[in-house]
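Descriptive structure summary
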Amino acid sequence: MLKEGQELRIEVEGRAEGKTKIAAITDQVVWIESPSDMTTLKTFFLHEEEAMRVFFFQGDNQLFAFDTKVVKRISDAQMTLRYAFNLPDEKKIKRIQRREYLRVPEMIEVTVLAADGESFESFETTSLDVSAGGMKIIANRAPVEVDESLVVVFRIEDEQGSPQLFRIKSRLVRVHKQEVKEELSLAFEDLAPRDQETILRYCFRVQLEARKRTGSVFSSR
């Protein structure tokens, strides 16, 4: 299912998410190029024995994923880093439904509120990515603990170009500390199916625009 030159997306839990390409496949080992961050496009390092999840498209835009780990890291003749993982057993490769994976890099103005209306002062920020299941936002610091809830308010356009206002209770899933600020990964809670569909369709449009512009199946804006 994997082949040389194929684009992949990788997720390193709690640390990084990026896109890369398969440089070579030899003796049941897959070699990939240095991944670039989905948001900043800067390359980042992987470490031997580091666990990661790999995503790839197959056929008619069907997405698949599997868990693996980096087994080796080398520099080639041009001093370019290459990383290796073992070719997975096809039984361990799972098909991913669109609602589970369609997260797009997108900066949206977001207002963050306390779920109880008083535990912290509301603040304005921007998203780094959005999906029908949640979003990642920037903050000076996390206003709640992991697994606690807050409320996000934001607007996106529907298919007719009309702005739609969303006020969604969300759970803090993960905090990724940066040099100055923090990235907060949020999971939407109590989202009505109709609202989820509107956000999903918005993500589809963003992804389609990016693919037309760059030709990449894992494009950033």
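A few points on the structure. Only a predicted model underlies this, so the values are computations on that prediction, with no experimental measurement involved.

**Details of the overall build of the protein chain**
Across its full length, the protein chain holds two helices and 16 strands. In the protein chain, once contacts between residues fewer than 6 apart in sequence are set aside, the share between residues at least 24 apart is 53%. Looking at the protein chain as shown, the accessible area adds up to about 12,800 Å², and 45% of this sits on carbon and sulfur atoms.

**Notes on unusual backbone geometry**
With a phi angle near 75°, Glu49 is a residue other than glycine that sits in the positive phi range. The phi torsion at Asp147 lies on the positive side, around 80°, for a residue other than glycine. Turning to its location among the elements, Asp147 is positioned in the loop between strand E13 (134-139) and strand E14 (149-157). Residue Asp147 is classed as exposed on the basis of its relative accessible area, which comes to 53%.

**Some thoughts on the pairing of strand E16 (residues 182-188)**
Burial runs high along E16: seven of the seven residues are buried. What you see with E16 is no split at all: Glu182, Leu184, Leu186 and Phe188 on one side and Glu183, Ser185 and Ala187 on the other are buried throughout. Direction of pairing for E13 relative to E16: antiparallel, over a ladder of six bridges. Bridge pairing in E16 places Ile138 opposite Glu183. Where strand E15 (residues 163-177) hands over to E16, the hairpin turn is made up of four residues, counted between the paired strands.

**Details of the packing of aromatic side chains**
Note on aromatic pairs: each is described by the distance of the centres and the angle between the planes. On inspection of all chains with the given rule, the structure shows six aromatic pairs. Relative to Phe64, the ring of Phe56 lies with its centre 5.8 Å away and its plane at 20°, an arrangement referred to as stacked. Of the two residues, Phe56 and Phe64, neither departs from the other in class, the shared state being buried. Judged by centre distance (5.4 Å) and plane angle (20°), the rings of Phe154 and Phe166 are stacked. Of this pair, Phe154 sits in strand E14 while Phe166 sits in strand E15; the two residues are 12 residues apart in sequence, bridging distant segments of the chain. Of the two residues, Phe154 and Phe166, both sit in the buried class.

Parameters and conventions
- Counting starts from 1 at the beginning of each chain's written sequence and moves along it residue by residue.
- Given that this is a predicted model, residues contribute local features only at a pLDDT of at least 70 and side-chain atom pairs are listed and counted only at 80 or more, while totals for whole chains, interfaces and linings are drawn from all residues.
- Excluding hydrogens and water, the side-chain values take into account all heavy atoms of the structure.
- Secondary structure elements are defined from DSSP: runs of H or I of at least 4 residues count as helices, runs of E of at least 2 residues count as strands, and each element is numbered from the N terminus.
- Working rule for contacts: check all heavy atoms of both residues, and any pair within 4.5 Å makes them a contact.
- Using a 1.4 Å probe, the Shrake-Rupley method yields the accessible areas, and only the shown protein chains count as cover for residues.
- Only protein chains enter the accessibility calculation, which uses a 1.4 Å probe; a residue whose area is less than 20% of its type maximum is buried, one above 50% is exposed, and one in between is partly exposed.
- In this scheme, strands are said to pair when DSSP sees at least two bridges between them.
- Each aromatic pair joins two rings of Phe, Tyr and Trp (for Trp, the six-membered one) with centres within 6.5 Å, and gets the label stacked for planes under 30 degrees apart, edge-to-face for over 60, and tilted for any other angle.

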